[in-house]
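Structural overview
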Amino acid sequence: MLARKSIIPEEFGLPGLASRMPRKPVFRDRVNKARFIAKNGSCNLAHKNIREQGRFLQDVFTTLVDLKWRFTLVIFTTTFVSSWLLFAMSWWLVAFAHGDLDPERQNGTHCVTEVKSFTSAFLFSIEVQVTIGFGARMITEQCPTAITVLIMQNIVGLIINAVMLGCIFMKTAQSNRRAETLIFSRHAVIAVRNNRLCFMIRIGDLRKSMIIGATVRLQVVRKTTTPEGEVIPIHQIDVQTESALASNSLFLLAPLIICHVIDKNRYGNVILEGVVETTGITTQARTSYVSEEIQWGHRFVPIVTEEEGVYSVDYSKFGNTVKVATPRCSARELDEKPSILIQTLQKSELSHQNSLRKRNSMRRNNSMRKGGGSSGNLRRNNSALAVPKVQFFTPTEGGQTLNAVT
């Protein structure tokens, strides 16, 4: 059976109208390139399918330090409250075994005075472990079992205090906290320095306390394939810097520009490591650069100036760059043909001179327009009174012309 046609034309139906309605463009988030090291220094690496989870419990202290603060505080509180409850139960059992909880018992020496319920035993457990000692509840010499429990609680309490307080101290004094004040330029630049193409970044320390024995290391992280066909997804290659002769040791008193002479097109991670002067803890700051964050033909602007006998650093210009003449060629081509650099510099000088000429001519025209405003009005007024000059050309004999000017 054939379908019946509708009275309303198809183009005016609901499907037709919906197909002709303008659709809003769908914007998809840009997929960021995978970084081995994030810009903030964290390692962009996920561990999956770890079967031997018990290895983490064998190093409990490091596991506690690596946990997030909320989990550390929960474990801290739970550990102390659990120990207080455990020994409160022990004190309550000691009092129950000795008959101190019997309300009909009026005379006799108690193991612990004023322990008449589990609540009072819990309060006495807290007093023993944190050495408060309010004075109302105290242990007597009539119960050897109570003395044994007292010794055990003191030992366990000292161990818990040492582990948990040490964990809290290490989390507050972690080296990555000091690395928060070690900054890197957001972009890296490639420009000519000493007639060589160089890859440059800027590093700085915001604190006055110095980093002793600071060292910087550049690494290239890329996916490579060996001649045997083995694929290495994360291949780390060390890159030498200008201070390689001194083992990359830096005197990081003011912001420095780290330079690497390019022999091939390489870039990647930057690692800054040193000993904190005030605490003696080794700290490490890390960052990374991808191809979109490398500016070709730029140079960092100077930020250190001398003001009234003091060197001043303007951190508002820390990442600012300026465009400079840089040939569009590889480092190998520049080594083989040094004339490329000379030609680039000559073109840059010509373009600079042309821009100066245009700028001067524009300034001259603007000054003439501003200064010649009144004289222009007078000229327009006088032109209305002046008699126009008219030149007539009339043919004559012999092909000559007679000019008449009025």
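Everything in this summary refers to the structure shown in the same document. (Residues numbered from 1 in each chain as written. Predicted model: local features only at pLDDT ≥ 70, side-chain atom pairs only at ≥ 80, totals over all residues. Heavy atoms only, no water.)

Digging into helix α5 (residues 118-130)
A rise of 1.5 Å per residue sets the reference length of α5, with its 13 residues, at 18 Å; its end C-alpha atoms lie 18 Å apart and thus fit the reference within 8%. Listed as buried for α5 are Ser120, Ala121, Phe124, Ser125, Ile126, Glu127, Val128 and Gln129. Residues of α5 that are buried make contact with α4 (69-98) and α6 (144-172). One or two steps after α5, the chain reaches threonine 131, where phi turns positive at roughly 55°. (Helix = DSSP H or I, 4+ residues; strand = E, 2+ residues; numbered from the N terminus. Expected span 1.5 Å × (residues − 1). Buried < 20%, exposed > 50% of the residue type's maximum accessible area, 1.4 Å probe, protein only. Contact = heavy atoms within 4.5 Å.)

Details of unusual backbone geometry
Located in the positive-phi region is asparagine 195, a residue other than glycine, with phi close to 65°. Among the structural elements, asparagine 195 can be located in the loop between β2 (188-193) and β3 (196-205). At glutamate 308, a position not held by glycine, the phi torsion is positive, near 55°. Tracing the sequence through the fold places glutamate 308 in the loop between β12 (304-307) and β13 (310-313).

Things to note about the packing of aromatic side chains
Throughout the structure, instances matching the rule amount to five aromatic pairs. Judged by centre distance (4.9 Å) and plane angle (80°), the ring pair of tryptophan 91 and phenylalanine 124 falls under edge-to-face. Placement of tryptophan 91 in helix α4 and of phenylalanine 124 in helix α5 is noted, with a sequence separation of 33 residues between them. Taking the relative accessible area as the measure of exposure, tryptophan 91 reaches 1% and is therefore buried. Cluster of aromatic residues (ring-pair linked, three or more members): Phe76, Phe80 and Trp84. The lysine or arginine in question, lysine 171, covers the ring of tryptophan 69, its NZ or CZ lying 5.2 Å from the ring centre. In this structure, arginine 202 packs its charged tip against the face of phenylalanine 318, placed 5.9 Å from the ring centre. (Phe/Tyr/Trp six-rings, centres within 6.5 Å; stacked < 30°, edge-to-face > 60°. Lys NZ or Arg CZ within 6 Å of the ring centre and 35° of its normal.)

Observations regarding the pairing of strand β5 (residues 231-239)
Note that strand β4 (residues 211-225) and β5 share seven bridges and pair antiparallel. Counterpart to arginine 222 in the pairing with β5 is histidine 235. The turn linking β4 back onto β5 is made up of five residues, and glycine 229 within it adopts a positive phi angle of 95°. (Pairing = 2+ DSSP bridges.)

Re the pairing of β4
Relative to strand β8 (residues 269-276), β4 runs antiparallel, the two being bridged by seven bridges. Bridging from a neighbouring strand, glutamine 219 pairs with asparagine 269 of β8.

Quick notes on the side chain of glutamine 153
Tracing the backbone through its elements, the reader meets glutamine 153 in helix α6. Reaching out from glutamine 153, the side chain makes a polar contact with the backbone oxygen of serine 125 at a distance of 2.8 Å. With residues up to four places along the chain from it excluded, the contact list for glutamine 153 reads Phe87, Trp91, Ser125, Val128 and Gln129. (Polar contact = N/O pair within 3.5 Å; in protein donor to acceptor, adjacent residues only side chain to side chain.)

Some thoughts on the state of the cysteines
The full count for this structure, using the stated rule, is one disulfide. Just so you know, cysteine 259 is unpaired, no disulfide at all, and the nearest cysteine sulfur is the one on cysteine 198, 3.4 Å from it. (Disulfide = S-S within 2.5 Å.)

Brief notes about α4
The first and last C-alpha atoms of α4 sit 44 Å apart over 30 residues, in line with the 44 Å expected at 1.5 Å per residue. Listing the buried residues of α4 in full gives Thr72, Phe80, Ser83, Trp84, Phe87, Ala88, Trp91, Val94 and Ala95. Along its buried surface, α4 packs onto α3 (60-66), α5 and α6. Glycine 99 sits one or two residues past α4 and shows a positive phi near 85°.

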